[in-house]
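Chain by chain, the residues:
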Amino acid sequence: MRTSKTVLLVLLGMTEISLSLSKTLGATERSSFTLGSEQKVLVDQKGAASSLSSGSNDVEVTKAINQGVHGLVADQEIARAQRFYNEKKFTKAQTHFSLAIELLLKHHQPDLVTLASCYHQLGQTNKHLQVFDLAAENYSKALVIYKKLNRADDIVKGYKNIAMSHNKLGNYVIALDHALRSVDLIKKQNDAESEAQITLLTAVIYRNIGDYQTSLEYIKQAEFLYKSINSIAHLAEVDNQTGLIYTKLKQFDNARYFYQKTTELSIDKVKPETRAAAYREIGVIDYQAGNFQNALNMLEIAASIYAELELQERLAHSQLLIGITSQKLSDIPLALEYLKNAKQLAEQVDNKPWQAKALIKIADIELDTRPKLSAELLTTALKLTQDYDSLEDQIEIYRLLAHIQKTQGNHAQALAYTELKYDLSMALVAIQESSNVTREKVILESYKMERDIHLLQEKAMLDSLMLDKKSDEIALVSQAHKIAELELSKKTASNILLSVLLGCCLLCVLFVYRSFTHAKKLNSKLDRLAKIDPLTKCYNRRMLFECLEECFGDARHSSQHCIVLADIDSFKSINDTHGHKKGDEVLVNVAEILQGLLEAKNCLIRFGGEEFCIVLPNTNIEQALLAAEDMRKSINNHDFNGVRVTCSFGIAVLEDSITTKDEFIDRADKALYVSKNKGKNRVTVWSSNLSEH
């Protein structure tokens, strides 16, 4: 009797839940959910009640009914999510797929096929939203389930999708690993189109790694497979990918040949975005060759196709290229029109690199006629570059800013921008050299992956041959003695061969190990050089934020942390009076004095020009003040070969009210400013009453 009452109460409760859920839907959905799903809930609940009321306790009955309702609501969420996905409303689809997965996981024994499908579709939705880290995560969850269910087709699809996501993220080793696994599995399924798609993806990954020869080999395999099924549209994609490789190799004539093959195909046989990409790349090649008018024609065709397809991000890129090309043709009004359109489109799709590049180009055009506007545009572009960390764009911005300041007679500011440009250029060279080393390591890793797969294939073949061999031995048992003698001779030869092969393998392993060790040492040296100021041999600004990161990580503990800014007084007059060579000697001597007074835990950074920054972790304000006074006196009393040199200092302590590193540095800078204004050659500690200075 008690169990029956419990069932009735739960049924009433679940009916109320289904009614409340229906209120969140539109009028049509509300009617279908209330009249259709609610009745199904009641039918299932009655069935559950009749099957559980005999010999079941209240907890078991309630649990069974809740699981049934979770499954029904999950089905509703999946249907909604799929509808939003088909309508290309991917943000809403993402929300409902996530809710469906949450409901499925609440079930004691969820339907694994449905759960895996939800993870896969959520990954697809993440891909359309260009959130590739989440896409890779959800594809991986789906793959785990598909492996458990031994669903071969879905396993291949899972590896391919994970490879695609990690390729977009720049994780090329992981991407290549999954792509090669997918290629190995798909060959067993006799599906030429799927094999061609995965093979082409593998070629793209090899191209991104920089292994162009291997990339071309995979492209040829993909081309053969697409020809076998007469897929013209996909062959055009193959031609474009081939053209991209030749562009990377700077073989522009070969690249143009493959792009033109795409443009010459019938419009109805090629995807519009594939044709647009071919026209765009031909335009880029013509621009590089100085054929600006032809480049403009090609880019305008590409832009018109992207506009028809409403591919805003690619349209923004094409219009940016048209603006740059129009500037070369001296058609300034047209250049400004397209650059402004490109900026607006880039803002709409939140593409900060295209926004920044458009602003830089507009500023370049307005440089001499409207320098104030150019400076404002460049400042905005500089803020954007900090989000995607492009040293090339930052170098160009500082070059233009230096030009503006120089033409306006602000030579000190122009020099400061030029020094920033120089520092960034040196950092860029170091990063490029490091990237080359990393690329070689990735290529080496890719060869290892392919070798491992080939070894597994050979092992499987050898196992098959061993089975055949045993069958032959049984059939030829009458000739056992003769076979034994032959086997003995064969084993002797095999042992000799294996010994030789083992020696070769050991030599190869030694070579690879030594190469890897050398590359690792070189990479470490390059990383260290990228953080060292070449003149003073102390750290540069790249290291400053790493030092401050440790302070902020420990900022909520009992230890105090301080920062000191030191600026050589009247350094410009030293350069003007004694020359820049003497100025460099003063910088080196000051750095040596400061370094000699610091402990190992402290960081000395050349902050810029004649300014130094000292990070003092685990140091209270009294200790920092004593340290700064020692530095000031040491510099004041030092003999700089007849040159009078003093320094001003500003100190700030890391307090709970400081939330950013820039705010921390700014306080020390304000204290330094006070030291300068009060006669120089002194130490000032930041306090709240300094903010008015």
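Report on the accompanying structure.

The rules behind each value
- Residues numbered from 1 in each chain as written.
- Predicted model: local features only at pLDDT ≥ 70, side-chain atom pairs only at ≥ 80, totals over all residues.
- Heavy atoms only, no water.
- Helix = DSSP H or I, 4+ residues; strand = E, 2+ residues; numbered from the N terminus.
- Buried < 20%, exposed > 50% of the residue type's maximum accessible area, 1.4 Å probe, protein only.
- Contact = heavy atoms within 4.5 Å.
- Polar contact = N/O pair within 3.5 Å; in protein donor to acceptor, adjacent residues only side chain to side chain.
- Pairing = 2+ DSSP bridges.
- Axes fitted to C-alpha atoms, helices over the stretch in contact; angles between N-to-C directions.

Examining the environment of A402
Considering the arrangement of structural elements, one finds A402 in helix α19 (residues 391-407). A402 gets classed as buried once you look at its relative accessible area, which sits at 10%. With 10 residues separating them in the primary sequence, A402 and A412 have C-alpha atoms 9.6 Å apart. The residues contacting A402, other than those within four sequence positions of it, are A414, Y417 and T418.

A short note on the side chain of S374
With respect to the helices and strands, S374 occurs in helix α18 (residues 371-388). There is a polar contact of 3.1 Å between the side chain of S374 and the backbone oxygen of E366.

What about the pairing of strand β4 (residues 647-653)?
Regular strands show a simple pattern: their side chains alternate between the two faces of the sheet. With seven of its seven residues buried, β4 lies for the most part within the structure. Residues C647, F649, I651 and V653 line one face of β4 and the alternating positions S648, G650 and A652 line the opposite face, and both faces are buried. Here strand β1 (residues 562-568) pairs with β4 via seven bridges, running antiparallel. Of the residues in β4, the one forming a bridge with L565 is G650. As judged from the three bridges shared by β4 and strand β5 (residues 683-685), these two strands associate in the parallel manner.

Examining the pairing of β1
The element β1 is extensively covered by neighbouring structure, given that seven of its seven residues are classed as buried. Across the two faces of β1 the burial is the same, with C562, V564, A566 and I568 and I563, L565 and D567 all buried. Strand direction decides the pairing type here: β1 and strand β3 (residues 611-616), joined by six bridges, are antiparallel. Note on β3: the bridge partner recorded for C562 is L616.

A few points about the sheet that holds β1
Taken together, five strands build an open sheet; the order of strands is β2-β3-β1-β4-β5 and the sheet is mixed. Looking along the sheet, the strands with just one partner apiece sit at the ends: β2 (603-608) and β5. When the angles between neighbouring strand axes are averaged without regard to direction, this sheet yields 20°. Sheet strands touched by helix α25 (residues 621-637): β1, β3, β4 and β5. Its angle to β4, the strand with the most contacts, is close to 170°.

Function cannot be read off these values alone, since they describe shape.
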